[in-house]
Amino acid sequence: MSRRDAWFWTLLLLALINTVNAASMLVDPSRWYQEVPAAVPDFGPYNEHFVRDLGCAFLTVTFVLVWAALRPAVRFPLVATAAFFLVGHAVLHVYDTARGFVDADHWWIDFPGVYLPALVLAAMTILLWRRAQVATAG
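Residues numbered from 1 in each chain as written. Predicted model: local features only at pLDDT ≥ 70, side-chain atom pairs only at ≥ 80, totals over all residues. Heavy atoms only, no water.

J.: I tried to follow the pattern of salt bridges on my own but got confused; where do I start?
T.: Between side chains of opposite charge, a pair can form when the charged atoms approach closely. Evaluated as defined, the whole model comprises four salt bridges. One salt bridge in this structure joins D96 and R99, with 3.0 Å as the shortest N-O distance. Overall, the relative accessible area of 47% leaves R99 in the partly exposed class. (Salt bridge = Lys/Arg side-chain N within 4 Å of Asp/Glu carboxyl O. Buried < 20%, exposed > 50% of the residue type's maximum accessible area, 1.4 Å probe, protein only.)

What follows is the structure, encoded as structure tokens:
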């Protein structure tokens, strides 16, 4: 498997997106909280420390995705790790929206930044798992 295949570029793109999000959370958490197009204030009052904690989590996802891009032999566990966080984050958004904690508009507001990345990484995890199964079977 080539190091610079479609997986490499896709993982780097996802890492870049997570880097921008993490950096904005860490550098200017108040601006991120107020201006990110995800209606974050709908989920509760601003907490600078909490926003920066999340920035660290997204920076960790960046690190894992870059590592996965650079090391094809360990992509499956690394992508699965990143997917675990992003899918868990998405499940919390589903729960909060389904129980009415935030308006139903959040089904659409959260789609591009929460649900779509989780779906993409979950699908990538499944594909990498299947690839690993085929490689060990034959």
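J.: Just to check I follow, could you spell out unusual backbone geometry for this structure?
T.: The general pattern is negative phi for most residues beyond glycine and trans for most peptide bonds. Its identity is not glycine, yet A39 carries a phi of approximately 50°, on the positive side. By the element assignment, A39 lies in the loop between α2 (29-35) and α3 (48-70). (Helix = DSSP H or I, 4+ residues; strand = E, 2+ residues; numbered from the N terminus.)

J.: Can you help me understand helix α4 (residues 75-98) in this one?
T.: Side chains of residues three or four places apart in an α-helix project in the same direction, reflecting 3.6 residues per turn. Given a rise of 1.5 Å per residue, 24 residues ought to cover 34 Å, and the 33 Å separating the end C-alpha atoms of α4 matches this to within 8%. Every buried residue belonging to α4 is among R75, L78, V79, A82, A83, L86, H89, A90, H93, D96 and T97, and all of these are buried. In this fold, the buried residues of α4 make contact with α1 (6-27), α3, α5 (106-109) and α6 (111-137). (Expected span 1.5 Å × (residues − 1). Contact = heavy atoms within 4.5 Å.)

J.: Explanation requested: the packing of α3 against α4 in the structure shown.
T.: Any two packed helices are characterised by the angle at which their axes cross and by the distance between the axes. It is the contact of α3 with α4, at a shortest axis distance of 8 Å, that shows an interaxial angle of 155°. What the angle tells us is that α3 and α4 run roughly antiparallel. Every pair of crossing elements has a handedness; the one defined by α3 and α4 is left-handed. Residues A57, F58, V61, V64, L65, W67, A68 and A69 of α3 lie in contact with α4, whose contacting residues are R75, L78, V79, T81, A82, F85, L86 and H89. Residues of the contact of α3 with α4, tallied by class, amount to 13 nonpolar, two polar and one charged. (Axes fitted to C-alpha atoms, helices over the stretch in contact; angles between N-to-C directions. Parallel < 35°, antiparallel > 145°, perpendicular 65-115°, else oblique. Left-handed = near helix turned anticlockwise from the far one by under 90°. Nonpolar A, V, L, I, M, F, W, Y, C, P; charged D, E, K, R; others polar.)

J.: What is the right way to look at the packing of aromatic side chains in this model?
T.: The description of an aromatic ring pair uses the distance of the two centres, along with the angle that the planes make with each other. The tally for this structure, following the rule as stated, stands at six aromatic pairs. Ring centres of F8 and W9 lie 4.7 Å apart, and the angle between their planes is 90°; this geometry places the pair in the edge-to-face category. Measuring from centroid to centroid gives 6.4 Å for F43 and F101, while their planes differ by 40°, and the two rings are tilted. With F43 in the loop between α2 and α3 and F101 in the loop between α4 and α5, this residue pair connects regions lying 58 residues apart in the sequence. With relative accessibility at 23%, the residue F43 sits in the partly exposed group. (Phe/Tyr/Trp six-rings, centres within 6.5 Å; stacked < 30°, edge-to-face > 60°.)

J.: Where do I start with the packing of α1 against α6 in this structure?
T.: Where α1 contacts α6, the axes come no closer than 13 Å and their chain directions differ by 150°. Taken together, the axes of α1 and α6 are roughly antiparallel relative to one another. Helix-helix and strand crossings are classified by hand; for α1 and α6 the assignment is left-handed. Contacts between α1 and α6 involve W7, T10, L11 and L14 from the first element and V120, L121, M124, L127, L128 and R131 from the second. Of the residues contributing to the contact of α1 with α6, the split by class is eight nonpolar, one polar and one charged.

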